[in-house]
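Below, each chain spelled out in residue letters.
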Amino acid sequence: MERVECARQNRQKYLGSGSAALEATDPELVAMQDRLLYGEIVSHGTLTDSQRLLITLVVLAAGQTLEALDEQTEAALKIGVRPEEIREALYQVAPYAGFPKAAAALKIVNAVLVRHGVTLPLPDMGTVSEESRFRDGLAVQKTIFGDGIDAMHASAAPGQRDIMVNYLSSFCFGDIYTRRGLDLKTRELLTFAIIATLGGCEPQLKAHAQGNATMGNSKQNLVDAIAQMLPYIGFPRSLNALACVNAVLPQDEAETKA
């Protein structure tokens, strides 16, 4: 399909018939964005519509480009993403980009949910207790990263153990990763997107590229996630993320044939 027409149809699919905010003053910029994102990127690759929209939401939250959150939340609901999935995606932002960024995004998203008649707060999705959060978080951590976590814990300096051991296993993986609403495979994909958005976190990005592979996300899934992020985070961070994926994951069969 011709790129301009493809962009028109996909924009209608995701966003409906409304016009972009800058349409009246900067129609050329709007056209460039739409033809790249909706005319090319969303029509290619391995991601589902739900994955694309959840990735977009966490990228906007982590990057604090909040102006587009209302529109993209509407798009997520339009293509069938459940409110619980949207909330869990934004909760996933907290351990990687901080509570304030997650909270700022949730204020906008919650307003959209209320507009759609959703009753807040949504049902509790937590699964851990104060007594189990470290144990359960450590189990999830090892599921994703293997028994090397034990060596990391053992090597943590005494004065740094709270950050390297207690907070990481109990909060990040215990309080967040164990929640219902999203599976571990999806949470790892979103975590990769969040870290890539932040930039300057290449060691962690490489670790989570491998974690994604362990959870069953293919290298092409990650490449397609980077493509989905590109219009929102730009080329430098996108290319850094791509380099991290290439450094960690070998060429897949499709790349070899190409």
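Calculation notes
Residues numbered from 1 in each chain as written. Predicted model: local features only at pLDDT ≥ 70, side-chain atom pairs only at ≥ 80, totals over all residues. Heavy atoms only, no water. Axes fitted to C-alpha atoms, helices over the stretch in contact; angles between N-to-C directions. Helix = DSSP H or I, 4+ residues; strand = E, 2+ residues; numbered from the N terminus. Parallel < 35°, antiparallel > 145°, perpendicular 65-115°, else oblique. Contact = heavy atoms within 4.5 Å. Nonpolar A, V, L, I, M, F, W, Y, C, P; charged D, E, K, R; others polar. Phe/Tyr/Trp six-rings, centres within 6.5 Å; stacked < 30°, edge-to-face > 60°. Buried < 20%, exposed > 50% of the residue type's maximum accessible area, 1.4 Å probe, protein only. Patch = residues over 30% accessible without salt bridge, like charges linked within 9 Å, V, L, I, M, F, W, Y side chains within 5 Å. Areas by Shrake-Rupley, 256 points an atom, 1.4 Å probe, with all protein chains shown as cover. Salt bridge = Lys/Arg side-chain N within 4 Å of Asp/Glu carboxyl O. UniProt positions renumbered as here; feature names shortened; annotations may be inferred.

- The chain appears in an unreviewed UniProt entry as Carboxymuconolactone decarboxylase family protein from Candidatus Desulfovibrio intestinipullorum.

1. Some words on the packing of helix α8 (residues 133-145) against helix α12 (residues 202-215)
Next, step 1: Where α8 contacts α12, the two axes come as close as 8 Å, and the packing angle between them is 90 degrees. Relative to α12, α8 is oriented roughly perpendicular. Along the contact surface, α8 presents Thr 143, Ile 144 and Phe 145, while α12 presents Ala 207, His 208, Gly 211, Thr 214 and Met 215.
Next, step 2: Of the residues assigned to the contact of α8 with α12, the class counts are four nonpolar, four polar and no charged.

2. Digging into the packing of aromatic side chains
Next, step 1: Enumeration over the complete set of coordinates arrives at four aromatic pairs.
Next, step 2: Ring centres of Phe 99 and Phe 171 lie 5.4 Å apart, and the angle between their planes is 25 degrees; on these two criteria the pair is classed as stacked. A residue pair is termed long-range when its members are at least 10 positions apart, and Phe 99 in helix α7 (residues 99-115) and Phe 171 in helix α10 (residues 161-177) qualify at 72 residues.
Next, step 3: Residue Phe 99 is classed as exposed on the basis of its relative accessible area, which comes to 55%.
Next, step 4: Consider the rings of Phe 145 and Phe 173, whose centres lie 6.0 Å apart with planes at 90 degrees: the pair is edge-to-face. In this pair, Phe 145 is assigned in helix α8 and Phe 173 in helix α10, connecting sequence segments 28 residues apart.
Next, step 5: The class for Phe 145 is partly exposed, based on a relative accessible area of 29%.
Next, step 6: Ring-pair connections join several aromatic residues into one group, and the members of that group are Phe 145, Phe 173 and Tyr 177.

3. Things to note about a nonpolar patch on the surface
Next, step 1: On the surface, Leu 22, Leu 29 and Met 32 cluster together into a nonpolar patch covering about 300 Å² of accessible area.
Next, step 2: With respect to the helices and strands, Leu 29 occurs in helix α2 (residues 27-37).

4. Quick look at the pattern of salt bridges
In a structure, side chains of opposite charge can pair up when their charged atoms sit close to one another.
Next, step 1: The full count for this structure, using the stated rule, is 15 salt bridges.
Next, step 2: Here Arg 11 makes a salt bridge to Asp 34, at a shortest N to O gap of 2.9 Å. Taken together, the positions of Arg 11 in helix α1 (residues 3-15) and Asp 34 in helix α2 put the pair 23 residues apart, joining distant regions of the chain.
Next, step 3: The class of Arg 11 is buried, set by a relative accessible area of 10%.
Next, step 4: On the accessibility criterion, Asp 34 (11% relative accessible area) is buried.
Next, step 5: A salt bridge links Glu 88 to Arg 179, with the nearest nitrogen and oxygen atoms 2.8 Å apart. Taken as a pair, Glu 88 in helix α5 (residues 83-91) and Arg 179 in the loop between α10 and α11 (184-198) lie far apart in primary sequence, 91 residues in all. Summarising the burial analysis for this pair, Glu 88 and Arg 179 share the class buried.
Next, step 6: Residues participating in the shared-partner salt-bridge network are Arg 87, Glu 88, Arg 179 and Arg 187.

5. What about the UniProt feature "domain: Carboxymuconolactone decarboxylase-like" (unreviewed entry) in the chain?
Next, step 1: Feature annotation in UniProt assigns "domain: Carboxymuconolactone decarboxylase-like" (unreviewed entry) to the following positions: residues 27-110 and 167-246.
Next, step 2: For residues 27-110, the helix share is 71%, the strand share is 0%, and the end-to-end C-alpha distance is 30 Å.
Next, step 3: When the span residues 167-246 is considered, its composition is 84% helix and 0% strand, and the gap between its end C-alpha atoms is 30 Å.

6. Topic: unusual backbone geometry
Next, step 1: A cis amide bond, omega 0 degrees, links Leu 120 with the succeeding residue Pro 121.
Next, step 2: Residue Gln 64 is not a glycine yet carries a positive backbone phi of 55 degrees.
Next, step 3: Following the sequence through the fold, Gln 64 ends up in the loop between α3 (49-62) and α4 (69-78).

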